[in-house]
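Coordinate inspection notes
For reference, the chains in residue letters:
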Amino acid sequence: MSLWNDFNDAQSNANVIPKGTLAKVRLTIRPGGFDDPAQGWTGGYAKRGNTGAVYLDAEYTVLDGQYAKRKIWSMIGLYSPNGPNWANMGRSLVRGILNSARGLSDKDKSPEAQARRRINGFADLDGLEFVARIDIGTDTNGDAKNEIRSAVTPDHRDYAQIMGFVSASGMAPQMQAPVSGSQYPAAATSAPVQGHPGQAPQPQSQQTPTQQTSAAPGFPGRPSWAE
């Protein structure tokens, strides 16, 4: 049969990026207006849900490749009244984002690397560019939607190419691939400094208008510990 007689092998949801896809993304935190200075949550970045759960309303824009300009919405957990699991998952994701954005090996425990994994506030996360591993979850209606639950660090063989440190042909442009955190300044900054070895260049020219998927930016059904 032809493609127009048998639809069994048609993609079930054309708006969902395949699970496991690696892509360079930019993180934008959509302000939620909830602050708790005792927790270090200031600047109006956190959002508090009706159940008491607190999270960052994260929007990720794919920057390059086949899915460039696509957007993914998901939450970074900060607190759940049902226990620490959701917050621990959020902390793990932020650690991965910092490692990926700042070119740190997850195994690097040097003082310089530890300093690079510290932030002064959520504003330091807003605008970071890193390599994400795209996952698939479900929204409140039970439909499939993309999520980001982990980041790819320089330990991964494809990291340098996706970040743009080397071309697909293996030719290195003017920037070198990231190295260990020992070559980074100790002070935590919100973005790499132009010209330092192993760091991504400053953001490119003004971003073109983004293209959203047809799906609304709803959140997936929260796990039981985030209710």
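The structure presented is a predicted model; accordingly, all values stated were derived computationally and were not measured.

We now examine the overall build of the chain. Broken down by element type, the chain carries 3 helices and 7 strands. Its helices and strands in sequence order give the chain the pattern β-β-β-β-β-α-α-β-β-α, from N to C terminus. Across the chain, the fraction of contacts at a sequence separation of at least 24, relative to all contacts at a separation of at least 6, is 62%.

For the rest of this paragraph, the subject is unusual backbone geometry. Residue Lys69 is not a glycine yet carries a positive backbone phi of 80°. Residue placement: Lys69 occurs in the loop between strand 4 (54-62) and strand 5 (71-79).

With that settled, consider helix 1 (residues 85-101). Since one α-helical turn is 3.6 residues long, residues separated by three or four positions face the same way. The end-to-end C-alpha distance of helix 1, which contains 17 residues, comes to 24 Å, matching closely the 24 Å that a straight helix rising 1.5 Å per residue would cover. Within the sequence span of helix 1, burial applies to Trp86, Ala87, Gly90, Leu93, Val94, Gly96, Ile97, Leu98, Asn99, Ser100 and Ala101. The positive-phi residue at the C-terminal boundary of helix 1 is Gly103, with phi of around 70°.

This model, assessed by the stated rule, comprises 10 salt bridges. The partner of Arg149 in a salt bridge is Asp135, and the shortest N-O contact between them spans 3.5 Å. Of this pair, Arg149 sits in strand 7 (residues 144-152) while Asp135 is found in strand 6 (residues 129-138), placing the two residues 14 residues apart along the sequence. Each member of the salt-bridge network shares a partner with another, and the members are Arg30, Lys47, Asp57, Glu59 and Lys71.

If you look at the biggest cluster of nonpolar residues, it comprises 30 residues, and the most contacted ones within it are Tyr60, Ile97, Leu125 and Phe130. Elements supplying a minimum of two residues to this core: strand 1 (22-30), strand 3 (41-48), strand 4, strand 5, helix 1, strand 6 and strand 7. What Tyr60 contacts, discounting residues up to four positions off in sequence, is Val25, Arg26, Leu27, Arg70, Lys71, Ile72, Ser74, Ile76, Leu93, Ile97, Phe130 and Ile148. Of all hydrophobic cores here, the second largest spans 6 residues; its members include Val131, Tyr159, Ala160 and Phe165.

Moving on, we get to the side chain of Asn146. Looking at the secondary structure, you find Asn146 in strand 7. Among the residues examined, Asn146 registers a relative accessible area of 9% and is labelled buried. Among the polar contacts listed, one links the side chain of Asn146 to the backbone nitrogen of Ile17, at a separation of 2.7 Å. A distance of 3.1 Å separates a polar side-chain atom of Asn146 from the backbone oxygen of Asp135. Apart from residues lying up to four places away in sequence, Asn146 is in contact with Asn15, Val16, Ile17, Arg70, Ile72, Trp73, Ile134, Asp135 and Ile136.

For the rest of this paragraph, the subject is the pairing of strand 4. Of all 9 residues making up strand 4, 9 are buried, and the element is well covered by its neighbours. Strand direction decides the pairing type here: strand 1 and strand 4, joined by 6 bridges, are antiparallel. If you follow Arg26 over to strand 4, its bridge partner there is Thr61. Looking at chain direction, strand 3 and strand 4 are connected through 3 bridges and run antiparallel. Bridge pairing in strand 4 places Lys47 opposite Tyr55. Linking two consecutive strands that pair antiparallel, namely strand 3 and strand 4, is a turn of 5 residues; a positive phi of about 100° is found at Gly52 within it. Relative to strand 5, strand 4 runs antiparallel, the two being bridged by 8 bridges. The residue bridging Leu56 from the neighbouring strand is Ile76, located in strand 5.

Let us look at the confidence of the model for the chain. Summing up the model confidence of the chain, the mean pLDDT is 80 and the portion of residues at 70 or higher is 70%. In this model, residues 172-227 is a region of pLDDT below 50 whose contacts with residues beyond four sequence positions or in other chains number 135 contacts.

Turning to a nonpolar patch on the surface, a few remarks are in order. A surface patch of nonpolar side chains, amounting to about 450 Å² of accessible area, comprises Leu3, Trp4 and Phe7. One can find Trp4 in the segment before strand 1. Overall, Trp4 belongs to the exposed group, its relative accessible area being 71%.

Calculation notes
Residues numbered from 1 in each chain as written. Predicted model: local features only at pLDDT ≥ 70, side-chain atom pairs only at ≥ 80, totals over all residues. Heavy atoms only, no water. Helix = DSSP H or I, 4+ residues; strand = E, 2+ residues; numbered from the N terminus. Contact = heavy atoms within 4.5 Å. Expected span 1.5 Å × (residues − 1). Buried < 20%, exposed > 50% of the residue type's maximum accessible area, 1.4 Å probe, protein only. Salt bridge = Lys/Arg side-chain N within 4 Å of Asp/Glu carboxyl O. Core = buried A, V, L, I, M, F, W, Y, C linked by side-chain atoms within 4.5 Å. Polar contact = N/O pair within 3.5 Å; in protein donor to acceptor, adjacent residues only side chain to side chain. Pairing = 2+ DSSP bridges. pLDDT = per-residue confidence, 0-100. Patch = residues over 30% accessible without salt bridge, like charges linked within 9 Å, V, L, I, M, F, W, Y side chains within 5 Å. Areas by Shrake-Rupley, 256 points an atom, 1.4 Å probe, with all protein chains shown as cover.

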